Amino acid sequence: MWVDLLISAPVTAFLLWLYWYSAPESAPGWSRLLDRAALLISPLAVILIIAVGHDRIDFPGMGLNVMLVAAAYVTLIFVLGLGWLQRVLAGRGTSGTDS
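Residues numbered from 1 in each chain as written. Predicted model: local features only at pLDDT ≥ 70, side-chain atom pairs only at ≥ 80, totals over all residues. Heavy atoms only, no water.

### Considering the overall build of the protein
(1) Moving on: From N to C terminus, the protein includes three helices and zero strands.
(2) Moving on: Starting at the N terminus, the α and β elements of the protein follow one another as α-α-α.
(3) Moving on: Viewed in the frame of its principal axes, the protein has a C-alpha envelope of about 55 × 25 × 15 Å.
(4) Moving on: Counting across all 99 residues of the protein, residues that qualify as buried make up 29%.
(5) Moving on: Pairs at least 24 apart in sequence give 72% of the contacts found in the protein among residues at least 6 apart.
(6) Moving on: For the protein, the exposed area adds up to about 6,600 Å²; of that, 74% sits on carbon and sulfur atoms. (Helix = DSSP H or I, 4+ residues; strand = E, 2+ residues; numbered from the N terminus. Buried < 20%, exposed > 50% of the residue type's maximum accessible area, 1.4 Å probe, protein only. Contact = heavy atoms within 4.5 Å. Areas by Shrake-Rupley, 256 points an atom, 1.4 Å probe, with all protein chains shown as cover.)

### Some remarks on the packing of aromatic side chains
(1) Moving on: Evaluated as defined, the whole model comprises three aromatic pairs.
(2) Moving on: Ring geometry for Tyr 19 and Trp 84: centres 5.2 Å apart, planes at 70 degrees, overall edge-to-face. On the criterion of sequence distance, the pair formed by Tyr 19 in helix α1 (residues 2-21) and Trp 84 in helix α3 (residues 63-95) is long-range, its members being 65 residues apart.
(3) Moving on: The exposure class assigned to Tyr 19 is buried, which follows from its relative accessible area of 0%.
(4) Moving on: Members of the aromatic cluster, joined through ring pairs, are Phe 14, Trp 17 and Tyr 21.
(5) Moving on: Sitting above the plane of the Tyr 19 ring, Arg 87 keeps its charged end 3.8 Å from the centroid. (Phe/Tyr/Trp six-rings, centres within 6.5 Å; stacked < 30°, edge-to-face > 60°. Lys NZ or Arg CZ within 6 Å of the ring centre and 35° of its normal.)

### Here's the deal with the environment of Phe 14
(1) Moving on: Along the chain, Phe 14 falls in helix α1.
(2) Moving on: The class of Phe 14 is partly exposed, set by a relative accessible area of 47%.

### Some words on the pattern of salt bridges
For side chains of opposite charge, pairing can occur when their charged atoms come near one another.
(1) Moving on: A complete count under the given rule lists two salt bridges for this structure.
(2) Moving on: Note that Asp 35 is salt-bridged to Arg 87, the shortest N-O span being 3.0 Å. Placement of Asp 35 in helix α2 (residues 29-56) and of Arg 87 in helix α3 is noted, with a sequence separation of 52 residues between them. The burial state of Asp 35 is the same as that of Arg 87; both residues are buried.
(3) Moving on: Note that Asp 55 and Arg 56 form a salt bridge whose closest N and O atoms lie 3.7 Å from each other.
(4) Moving on: Owing to a relative accessible area of 68%, Arg 56 belongs among the exposed residues under this scheme. (Salt bridge = Lys/Arg side-chain N within 4 Å of Asp/Glu carboxyl O.)

Quick look at the structure:
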């Protein structure tokens, strides 16, 4: 389990930094709240997927490690993608250019 967490740590840290760095400064309050939720939920989901997967799944060899790290990455991208989507939608609602 610890090896999988160490393998996923650099990618997780980079994507969290990128998400934080790309935050718009003029976002509404609800959007900032959702940003914080995505920043909190996504690394917790990575840890939870890897920990629970190792605890509950009995699969021989390195296949389990590969599956769990891949599932953790997909979940991380999905949660951060939802965050980026809400940023786009928040930006459209405040830009004043909607018809």
